[in-house]
Amino acid sequence: MAYYTCNFPDIFSWIHNLPPISKWKTDSISVCISPSCSSQPSLKLSVAKNYQFCIVADYNLSISLWTSKPLKLRHNSTKLLDDESIFSLLINFVQDVLNYGPNKNSSFVLRVPRIDFNNSSFKEIFNFSFLTLAFIICIYEAPADLRSTSIIALKNQFSCPQSRQASKLLVKILGSNIEEQWMRSVNLAITNWIVEINNSSNHPMKTPCTLFSYSFSTQGLWKVQLYCPIIAMDVETYTSSLSDDNLRFSLNFHQLEGVIQLNHKVIVRKKWIEVMVNTDNIRCDVVRLVNESLMSERGAGISEKHFPSRISLQLTPTLQSNVLSISVNKSSDNPLREIGMEKTIEAGFDPPNTYMGLKVSAGETVVTSMKPWKFEQSVNGDGANLNWFLHDSGNGREVFSSKPSVFSLIQPKAWFKNRYSSVYRPFTKQGGVIFAGDEYGESVCWKVDKRAIGKTMEWELKGRVWLTYWPNKHLTSYAETRRLEFREVLHLNLA
């Protein structure tokens with residue numbers, strides 16, 4: 001049996017090579033998808049003579065955990081399934097993964113473009129779709145004595161290079177709308193699994209991958225997409241232990257969804273090549289993984305969630321021998337301050353034979369206008385740093401590295417109270433942020449040796465995102481900041 005990843009079988013090849021039923025010697029054929037000790041049951045994919053596939057827990061009496069939809073077959077085929085039936089099975093996998101998501105009751109038509117069955121990418125997409133379905137089925141449906149070992153066996157496959165590459169191929173054909181639903185289904189399952197492990201263990205559990213990210217490079221544009229369940233992000237600071245179960249539910253059952261889009265332009269000068277990069281869109285949202293009614297019932301309400309407090313990007317050519325210089329387009333801030341003087345003179349007459357007392361006091365009033373988000377550019381070697389910081393409008397401190405004061409927690413007009421409905425909110429109505437070229441479009445310019453013309457330059461984009469929770473409408477003093485890091489490789493043709 002061939003293997004798709006280091007331990008996961010090549011399900012596509014196994015199904016593709018199944019003989020017609022007339023040549024079967026048993027009532028069903030199965031393949032192990034989750035190896036186990038000899039004393040424990042295993043997880044298998046089985047197909048019976050009714051042309052339905054099942055994921056089963058292989059006890060003495062098998063327990064079915066998932067069953068496919070009936071397949072339409074052409075009986076003159078020399079194999080059990082023809083290409084059309086295998087494609088229908090792929091759609092079945094994808095649809096059932098989506099059915100485990102927060103929008104499982106919403107009605108939509110899943111449209112997936114036709115894929116060349118002879119293309120190796122189809123096999124990768126098919127195997128990864130089934131791997132994802134099997135992983136989710138284990139979390140929700142597997143018996144307790146089988147669930148832990150099967151999940152651990154399957155989760156390691158998500159970090160394999162083959163799986164990461166296949167996941168990028170899959171989301172590309174699904175389209176952005178279905179991609180979001182797919183990732184919410186997967187990260188909801190991962191969140192439930194981590195919550196279960198954390199409730200039964202003193203050792204916090206990590207997600208199979210710290211986050212899911214992918215990138216692509218095209219003419220004039222670089223794009224990076226990020227997804228990460230909040231519960232899987234590293235906790236950087238917190239005020240105290242969280243004992244409020246409702247608030248914990250609200251904070252856990254969200255995911256970060258981020259998009260980074262950078263415009264790039266190549267200009268050939270007389271003596272060098274200029275590579276210009278500027279911000280097109282930086283979008284960061286914190287999205288619920290459960291529906292509103294469940295969040296209100298088990299959580300602290302839909303208004304209690306993290307918000308972006310800092311975003312940091314570093315863009316660097318991986319090969320720097322051809323780089324002549326780098327220039328940023330934004331100066332360091334030189335803020336305007338309005339200063340007013342207040343003077344008070346107090347005079348009085350004292351009794352005879354004493355000196356007249358004269359008291360003078362002076363006070364200084366400083367008025368400064370400040371935007372909540374501060375943007376900075378800086379240079380590190382041949383790399384450009386782009387940083388966005390959210391500041392506390394009450395004291396001017398950076399939010400990601402501070403905590404709310406006791407006084408501000410009881411102030412109903414503090415900036416972080418009702419933060420998604422206030423006219424002065426530093427976020428979108430949904431609680432995210434958008435940094436676009438209208439305000440943050442300053443460019444960075446690299447001058448490159450002209451001998452590099454016609455070559456493809458490789459660039460490394462490293463990023464960090466901080467999410468902070470301060471109380472919104474819920475009565476609590478708890479606050480925390482979480483952080484994630486990512487790295488993607490981008491390409492640019494110097495033509």
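Preceding this paragraph is the structure being described.
Rules used throughout
- Residues numbered from 1 in each chain as written.
- Predicted model: local features only at pLDDT ≥ 70, side-chain atom pairs only at ≥ 80, totals over all residues.
- Heavy atoms only, no water.
- Salt bridge = Lys/Arg side-chain N within 4 Å of Asp/Glu carboxyl O.
- Helix = DSSP H or I, 4+ residues; strand = E, 2+ residues; numbered from the N terminus.
- Buried < 20%, exposed > 50% of the residue type's maximum accessible area, 1.4 Å probe, protein only.
- Contact = heavy atoms within 4.5 Å.
- Polar contact = N/O pair within 3.5 Å; in protein donor to acceptor, adjacent residues only side chain to side chain.
- Pairing = 2+ DSSP bridges.
- Axes fitted to C-alpha atoms, helices over the stretch in contact; angles between N-to-C directions.

Chemist: I'd like to hear about the pattern of salt bridges, residue by residue, with values.
Modeler: Evaluation of the coordinates by the stated rule reveals 16 salt bridges. Here Glu439 makes a salt bridge to Lys371, at a shortest N to O gap of 3.0 Å. Within this pair, whereas Glu439 is found in helix H10 (residues 437-440), its partner Lys371 is found in the loop between strand S13 (357-367) and strand S14 (373-380), the two being separated by 68 residues in sequence. Close ionic contact of Lys374 with Glu376 constitutes a salt bridge, the shortest N to O distance being 4.0 Å. According to the relative accessible area criterion, Lys374 is partly exposed, its value standing at 22%. Taken together, the shared-partner salt bridges connect Asp234, Glu236, Arg483 and Glu485 into one network.

Chemist: Can you break down the environment of Trp446 residue by residue, with the values?
Modeler: With respect to the helices and strands, the residue Trp446 is situated in strand S17 (residues 443-449). Placed 169 residues apart in sequence, Trp446 and Val277 show a C-alpha to C-alpha distance of 8.5 Å. The residues contacting Trp446, other than those within four sequence positions of it, are Ile273, Glu274, Val275, Val277, Leu315, Pro317, Val323, Ser325, Ile326, Asp382, Ala384 and Trp459. Here the side chain of Trp446 touches Asp382 through a polar contact of 2.8 Å, landing on its backbone oxygen.

Chemist: So what's going on with the sheet that holds strand S18 (residues 456-469)? Residues and values would help.
Modeler: Hydrogen bonds between backbone atoms are what pair the strands of a sheet, whose relative direction is either parallel or antiparallel. Spatial strand order, S7-S19-S18-S10-S15-S14: six strands in an open sheet with antiparallel pairing. At either end of the open sheet lies a strand with only one pairing partner, and these are strand S7 (234-238) and S14. Averaged over all pairs of adjacent strands, the angle between strand axes in this sheet comes to 20°, irrespective of strand direction. Relative to S18, strand S10 (residues 307-317) is paired through 10 bridges, and the arrangement is antiparallel. The partner of Arg310 across the bridge, within S18, is Trp466.

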